[in-house]
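Spelled out from the first residue to the last, the chains are:
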Number of protein chains: 2
Amino acid sequence: MTIPYESRRASGLSPEFALLGLVEIEPAHGYELHQKLHQQLGEIWRASRSQTYNILARLEEQGYIRGRTEAQANRPSRRRFELTSAGRQRLEEWLITPSTPSAHAIRVDFMSRLYFLYQRDPQAALTAASRQAEVVASHLEELKQRQAALDPQMRFNRLGAGLRIRQLTSLLDWLREVGHEIGNGT
Amino acid sequence: MTIPYESRRASGLSPEFALLGLVEIEPAHGYELHQKLHQQLGEIWRASRSQTYNILARLEEQGYIRGRTEAQANRPSRRRFELTSAGRQRLEEWLITPSTPSAHAIRVDFMSRLYFLYQRDPQAALTAASRQAEVVASHLEELKQRQAALDPQMRFNRLGAGLRIRQLTSLLDWLREVGHEIGNGT
DNA sequence: CAGCTTATACTCACTGAGTGACTATTCCGT
DNA sequence: ACGGAATAGTCACTCAGTGAGTATAAGCTG
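Residues numbered from 1 in each chain as written. Chains lettered and ligands numbered in written order. Predicted model: local features only at pLDDT ≥ 70, side-chain atom pairs only at ≥ 80, totals over all residues. Heavy atoms only, no water.

Some thoughts on the overall build of chain A
Moving on, step 1. Of the regular secondary structure elements, chain A holds eight helices and three strands.
Moving on, step 2. Along the first, second and third principal axes, the C-alpha set of chain A runs to 70 × 40 × 30 Å.
Moving on, step 3. The buried share among the 186 residues of chain A stands at 44%.
Moving on, step 4. Taking the contacts inside chain A whose residues are at least 6 apart along the sequence as the reference set, 54% of them involve residues at least 24 apart.
Moving on, step 5. Accessible surface computed for chain A: about 9,900 Å², of which carbon and sulfur atoms make up 49%.
Moving on, step 6. With 25 positive and 21 negative side-chain charges, chain A shows a separation of 5 Å between the mean positions of the two kinds. (Helix = DSSP H or I, 4+ residues; strand = E, 2+ residues; numbered from the N terminus. Buried < 20%, exposed > 50% of the residue type's maximum accessible area, 1.4 Å probe, protein only. Contact = heavy atoms within 4.5 Å. Areas by Shrake-Rupley, 256 points an atom, 1.4 Å probe, with all protein chains shown as cover. Lys, Arg positive; Asp, Glu negative; His and termini not counted. Charge placed at Lys NZ, Arg CZ, Asp CG, Glu CD.)

Things to note about the confidence of the model for chain A
Residue and element names in this part refer to chain A.
Moving on, step 1. Confidence in the prediction of chain A, expressed as mean pLDDT, is 86, and 90% of residues score 70 or more.
Moving on, step 2. Of all helices and strands in chain A, the one with the weakest mean pLDDT is helix 1 (residues 5-8) (36), whereas helix 2 (residues 16-25) scores best (96).
Moving on, step 3. Every residue in residues 1-10 is under pLDDT 50, and counting partners more than four places away or in other chains gives seven contacts. (pLDDT = per-residue confidence, 0-100.)

Here we look at the relation of the copies chain B and chain A
Moving on, step 1. Each copy of the sequence occupies a distinct position, and chain B is placed on chain A by a rotation of 180° and an axial shift of 0.0 Å, giving an RMSD of 0.0 Å. In the structure described here, the two chain copies are related by an operation that fits a two-fold rotation axis. No C-alpha of chain B approaches the rotation axis more nearly than that of Q167 of chain B, which lies at 3.1 Å.
Moving on, step 2. Of the interface residues in chain B, 100% have counterparts in chain A that sit at the interface too, so the contact is made through matching surfaces. (Least-squares fit on C-alpha atoms with pLDDT ≥ 70 in both.)

A look at the packing of helix 6 (residues 103-120) of chain B against helix 7 (residues 122-149) of chain B
All names here are of chain B.
Moving on, step 1. Running from amino to carboxyl end, helix 6 crosses helix 7 at an angle of 155°, the nearest separation of the two axes being 6 Å. Compared by their axis directions, helix 6 and helix 7 come out roughly antiparallel. Mapping the contact onto sequence places I106, F110, R113, L114, L117, Y118 and R120 in helix 6 and P122, A124, A125, A128, A129, Q132 and V136 in helix 7.
Moving on, step 2. Here the residues of the contact of helix 6 with helix 7 are counted per class, giving eleven nonpolar, one polar and two charged. (Axes fitted to C-alpha atoms, helices over the stretch in contact; angles between N-to-C directions. Parallel < 35°, antiparallel > 145°, perpendicular 65-115°, else oblique. Nonpolar A, V, L, I, M, F, W, Y, C, P; charged D, E, K, R; others polar.)

Quick notes on the interface of chain B and chain A
Moving on, step 1. Contacts between the two partners involve 38 residues from chain B, matched on the other side by 38 residues from chain A.
Moving on, step 2. Buried surface at the junction of chain B and chain A, summed over both partners, amounts to about 3,500 Å²; 54% is from carbon and sulfur atoms.
Moving on, step 3. In this structure, the connection of chain B to chain A is made through four salt bridges.
Moving on, step 4. Element by element, the count of residues in the side of chain B that touches chain A is highest for helix 8 (residues 155-183) of chain B, at 19 residues.
Moving on, step 5. Class assignment for the residues of the side of chain B that touches chain A results in 18 nonpolar, ten polar and ten charged. (Buried area = accessible area lost by both parts, 1.4 Å probe. Salt bridge = Lys/Arg side-chain N within 4 Å of Asp/Glu carboxyl O.)

Considering helix 6 (residues 103-120) of chain A
Residue and element names in this part refer to chain A.
Moving on, step 1. An ideal rise of 1.5 Å per residue puts 26 Å on 18 residues; helix 6 measures up with 25 Å between its terminal C-alpha atoms.
Moving on, step 2. The largest bend in helix 6 amounts to roughly 30° and is located at F110.
Moving on, step 3. Counting buried positions along helix 6 gives 13 out of 18 residues, so the element sits mostly inside the fold. (Expected span 1.5 Å × (residues − 1). Bend = angle between axes of the 7 residues up to and from the residue.)

So, the environment of S170 of chain B
Moving on, step 1. One can find S170 of chain B in helix 8.
Moving on, step 2. For the pair formed by S170 of chain B and A103 of chain B, sequence separation is 67 residues and the distance between their alpha carbons is 9.3 Å.

Shown next as structure tokens:
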């Protein structure tokens, strides 16, 4: 059995879905997508240009987007990408699936999801935020129990676990605040 | 001019230095190092066995460690690694250089440093912690200013920046607590 | 108006992170 | 006696991420 990609690499996030989302809003070529990523989600993702192209190439290879070369007079020709139906499906699935409860995943993956959901419907974003908060909260409980069970001798392991717990706690606060902020339109 | 490795990849942390540190304490072979990494720093790093071997291979290629194959009767032969002088130098340098001020770097890179420093001399660990706290604090100020300067229209960029600030703040609290905890020996 | 930088648009070759599957042998428990 | 853990390591792979390079036209500067 082939283990699906998502579970194989819960970390290792890249702006893959953000690019799918941008392409869905409007088909565009790589250079343009890279710019949008920077302007609109620049505090979230920091992909280099070649990284953006890399991801687009992979997405095309995997059949989630399809690019068509457009020749231009007086300019380098370019490839305009659009979603395939597989890509659309993948995007929709991502939009309704909470991120893994790590600080990093929330900051990049969840934030991207929130961005796209909000554009469609602020209410959907609100729902996503509270579902995400639940996932984080339950993971937090789990971590707390695990820490309690850690060998007290393993001091640095405990400290490490303690940091995680703290970070998740402040993450949770933030998630709830985001819910509020979206709720009452600023 | 070649840009040095460290600044090229401030993120992308791997248990590279943790392995150097373990080898310094006691020369060992890969399997053993992997186990120690798990037992002693398992809450911090989660490297697979092959990942550990990968890193060891690279470290050897780069001249930081040197491995000698030991044949064993009735067991697969193994390679015992020890630090080279370049490796020792690299390790010492790492030990006195604060981590980049991101949550992830603190959790893995800084924690590892603290672990090794503490074994040598709790006082050194204390110093490292307060130096690290300074670095984080100053980065935090920078972020706050950058957030204030962000276009308020870019709501999601602001939210993203806000989250970073929160995470860094709780990080800083934790760092100071760690200082205390080390200070009064429990 | 010659010459410089900047913007457009993409390609390539690379190092490094991280995983899973595989090879072999020995020891241990049932 | 026999299956499974433990010991010890290799291999081939995908994905993350960077820097340098290619080519052309628009814009501006002295």
